[in-house]
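Each chain, written out:
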Amino acid sequence: MIIDDVTIDVKAGHGGNGVVRFARAKFDQGPTGGNGGKGGDVIIRGVSDLAALRPFRTTKNVKAEAGRDGEQNTRTGANGSSVIIPVPVGTVAHDLTHDKVYEIVSVGQKAVVAKGGNGGFGNHHFRSSRNTSPKISKEGKPGEHISLRLELKMIADIGFVGYPNVGKSSLLNELTNASSKVANYNFTTLEPHLGVYYDLILADIPGLIEGAAEGKGLGHKFLRHIERTRILFHFIEATSAHPVADYRAIRKELKLFNPVLCDKPEWIIVSKTDECTEKKVLATVKKLQKINPQVVTLSILDDTMMMDVRTVLNQIKDHKI
Ligand SMILES: Nc1nc2c(ncn2[C@@H]2O[C@H](COP(=O)(O)OP(=O)(O)OP(=O)(O)O)[C@@H](O)[C@H]2O)c(=O)[nH]1
Ligand SMILES: [Mg+2]
């Protein structure tokens, strides 16, 4: 199951302590205690893997490393390593302790959610002309300790919708580095998958069926993720005996779930065209074009057709439709 709402305990690293040390040379016995190192931060970072929050089903604590104590010869202690938490793009991170919110909207975007404590000063820092042999040092400061809620509100540029087994995952895998499972049966895809096509995020969601909006099949659980998608690719199999009825059935479910879904720009993808005659493909396209002129024919086995899909994606990318 996709984990899309978890609360975890996050602790940044404690700062290392400053130390009191003195040189041991005969003619130089000055203060040489170094400062403590900084504690590691806890950072969240956007990734395209929707399952990135899965480890938090069992792990509820994240802790960054403490800074090391200062050392002899004014050496500063090593900084503690930071911890980077990969979170799916679309994650809203709520710092419940400080009532702060971070939104991760792109792959690679980072936010420091808990800062490591600063290291304390060693006695070298406190030397002065008045006090050439200070015996004081400071302890490191504690790292921030917060309660962090990670809520996934999937953001995608393009959502793939349609009946099961119409080739949604196959196209996602062709266009991106995603590896959504593909097989010749219904409901192969059990969870949404994201793929990145240049800077567009494509979302493949489980197949929809009639009654989906009321909970039939699998797709309904994931329709909420499509709510935040800008554009829809609606897949209709070229071999379908009733393409228009298929189209309307899915649109009905989208509308029942949330009418906003039907206001999004939509491309109809007539898929698996290699599985029927050209005549049948043309007839299907003609019927669908009466509803929405933005129809693209697709066989993932046909390079020219794949280019056509890429052209549409490039237009979306460049013109930010
Ligand atoms: N001949 C042909 N087969 C295709 C094409 N695209 C996908 N397929 C096949 O159709 C079957 C279903 O493809 P999927 O990509 O799993 O379909 P899906 O829409 O993601 O299915 P669900 O996850 O069940 O909703 C697989 O056997 C694919 O290999 C195509 O363009 N031509
Ligand atoms: Mg699939």
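The shown structure was predicted, so the numbers you read here are calculated from the model rather than taken from an experiment.

Asks: How should I be thinking about the sheet that holds strand β13 (residues 266–271) in this particular structure?
Replies: Two modes of strand pairing occur in sheets, parallel and antiparallel, and in both the strands are linked by backbone hydrogen bonds. Here we have six strands laid out as an open sheet, ordered β10-β11-β9-β12-β13-β14, and mixed in their pairing. This sheet does not close on itself; its edge strands, each paired only once, are β10 (193–197) and β14 (295–297). Sheet twist, expressed as the mean angle between neighbouring strand axes with direction ignored, is 25°. Of the strands in this sheet, β9 (158–162), β12 (231–237) and β13 touch helix α3 (residues 243–257), which is tilted by about 145° from β12. Here helix α5 (residues 303–319) sits on the sheet and contacts β9, β10, β11 (200–204), β12, β13 and β14; the angle it forms with β12, its principal contact strand, is near 160°.

Asks: Would you explain the pattern of salt bridges in this entry?
Replies: Side-chain pairs of opposite charge can arise where the charged atoms are in close proximity. For the coordinates displayed, the defined rule picks out eight salt bridges. Arg 75 is the salt-bridge partner of Glu 71, the closest N and O atoms lying 3.1 Å from each other. The exposure class of Glu 71 is partly exposed, given its relative accessible area of 33%. With a closest N to O distance of 3.0 Å, Glu 266 and Arg 251 form a salt bridge.

Asks: Just to check I follow, could you spell out the site of ligand 1 for this structure?
Replies: As a structural note, the neighbourhood of ligand 1 is formed by 21 residues, with Ser 169, Ser 170, Phe 187, Thr 189 and Asp 274 the closest of them. Gly 167 is positioned with one of its backbone polar atoms (N or O) 3.0 Å from an oxygen atom of ligand 1. Lys 272 places a polar side-chain atom, nitrogen or oxygen, 3.0 Å from an oxygen atom of ligand 1. Summarising the interface, the protein chains cover 88% of the accessible area of ligand 1, which totals 650 Å² for the free molecule. Its residues assigned to classes, the shell around ligand 1 comprises seven nonpolar, ten polar and four charged.

Asks: Looking at this structure, I do not really get the nonpolar core. What am I missing?
Replies: One broad rule of soluble globular proteins: the nonpolar side chains tend to lie buried together. Of all hydrophobic cores here, the largest spans 65 residues; its most connected members are Ile 44 and Phe 233. Per element, the largest residue contribution to this core is five residues, and it comes from α5. Residues from two domains meet in this core; each of domain 1 (5–152) and domain 2 (158–319) gives at least three. If near-sequence neighbours (up to four positions away) are discounted, Ile 44 is found in contact with Ile 85, Val 87, Ala 93, Tyr 102, Ile 104, Gln 109, Lys 110, Ala 111, Val 113 and Leu 148. Ala 238, Val 281, Val 285 and Leu 288 belong to the second largest nonpolar core, which has nine residues in total.

Asks: Please explain the pairing of β13 as it appears in this structure.
Replies: On a regular strand, each side chain points to the face opposite its neighbour's, so the side chains alternate between the two faces of the sheet. β13 sits mainly inside the fold: six of its six residues count as buried. Where β12 lies against β13, six bridges are found, and the strand directions are parallel. Its bridge partner lying in β13, Ile 236 is registered against Val 270. For the segment spanning β12, α3 and β13, crossover handedness is right-handed. As defined by bridge partners, β13 adjoins β14 across three bridges and the pair is classed as parallel.

Asks: When you look at the domain arrangement of the protein chain in this model, what are you seeing that I'm missing?
Replies: By a widespread convention, an interface's size corresponds to the accessible area lost as its parts come together. Parsing the protein chain into structural domains produces domain 1 (5–152) and domain 2 (158–319). Distance from the C-alpha centre of domain 1 to the C-alpha centre of domain 2: 46 Å. Contacts between domain 1 and domain 2 engage six residues on the former and eight residues on the latter. Around 540 Å² of area is buried between domain 1 and domain 2 when both sides are counted, 66% of it from carbon and sulfur atoms. There are zero salt bridges connecting domain 1 and domain 2. Linking domain 1 with domain 2 are zero residue pairs in polar contact (both at pLDDT 80 or more), by the criterion used here.

Asks: Can you walk me through the environment of Asn 184 in this structure?
Replies: Among the structural elements, Asn 184 can be located in the loop between α1 (168–175) and β10. Once the C-alpha coordinates of Asn 184 and Gly 167 are considered, the two residues, 17 residues apart in sequence, prove to be 9.1 Å apart. In this structure the side chain of Asn 184 is engaged in a polar contact, spanning 3.1 Å, whose partner is the side chain of Asn 165.

Asks: Sorry if this is basic, but what is going on with the sheet that holds strand β5 (residues 91–95) here?
Replies: One open sheet accounts for five strands, arranged β3-β1-β8-β5-β6; its pairing is mixed. On the outer flanks of this sheet lie β3 (61–63) and β6 (100–104), each paired with one strand and no other. On average, adjacent strands in this sheet sit at an angle of 25° to one another, irrespective of strand direction. The pairing of β5 with β6 spans five bridges and is classified as antiparallel. Along β6, the bridge assignment pairs His 94 with Val 101.

Asks: Explain the pairing of β5 to me, please; I cannot follow it from the model alone.
Replies: Most of β5 sits out of view: five of its five residues are buried. On β5, burial covers both faces: Thr 91, Ala 93 and Asp 95 on one face and Val 92 and His 94 on the other are all buried. Connecting the antiparallel pair β5 and β6 is a turn made up of four residues, with Asp 99 showing a positive phi of about 60°. Here β5 runs beside strand β8 (residues 145–152); their pairing, made up of five bridges, is antiparallel. Opposite Thr 91, over in β8, you have Leu 152 as the bridge partner.

What counts and what doesn't
- Counting restarts for each chain, with residues numbered from 1 along the sequence as it is written.
- By the order in which they are written, chains take letters starting at A while ligands take numbers starting at 1.
- Totals for whole chains, interfaces and linings use all residues, but because this is a predicted model, local features are given only for residues with pLDDT of at least 70 and pairs of side-chain atoms are given and counted only at 80 or more.
- Excluding hydrogens and water, the side-chain figures rest on all heavy atoms present in the structure.
- Pairing between two strands requires that DSSP report at least two bridges joining them.
- The numbering of helices and of strands both runs from the N terminus, where a helix is a DSSP run of H or I of at least 4 residues and a strand a run of E of at least 2.
- Inter-axis angles, ranging from 0 to 180 degrees, are taken between N-to-C directions of lines fitted to C-alpha atoms, where helices are fitted over the stretch in contact.
- Here, two residues are considered to be in contact whenever any of their heavy atoms come within 4.5 Å of each other.
- Each reported salt bridge corresponds to a side-chain nitrogen of Lys or Arg within 4 Å of a carboxyl oxygen of Asp or Glu.
- With a 1.4 Å probe rolled over the protein chains alone, any residue whose accessible area is under 20% of its type maximum counts as buried; one over 50% counts as exposed, and the rest are partly exposed.
- A cutoff of 4 Å decides nearness: a residue is near a molecule or strand if any of its heavy atoms lies inside that distance of it.
- In protein, a polar contact means a hydrogen-donor-capable atom and an acceptor-capable atom, both N or O and within 3.5 Å, with residues adjacent in sequence counting only if both atoms are side-chain atoms; elsewhere, any N or O pair within 3.5 Å suffices.
- Methods summary: accessible areas were calculated by the Shrake-Rupley approach with a probe of 1.4 Å, and residue burial reflects only the protein chains presented.
- Side-chain classes are defined by residue name, with Ala, Val, Leu, Ile, Met, Phe, Trp, Tyr, Cys and Pro counting as nonpolar, Asp, Glu, Lys and Arg as charged, and the others, Gly among them, as polar.
- Residues belong to a common nonpolar core when they are buried Ala, Val, Leu, Ile, Met, Phe, Trp, Tyr or Cys residues joined through side-chain atoms within 4.5 Å.
- Each domain's extent was defined by an automatic or database domain assignment.
- Every crossover in which the path from the first strand over the helix to the second runs clockwise, viewed with the strands pointing away from the viewer, is termed right-handed.
- Note: buried area is the sum, over both parts, of the accessible area (probe 1.4 Å) each one loses when the two are combined.

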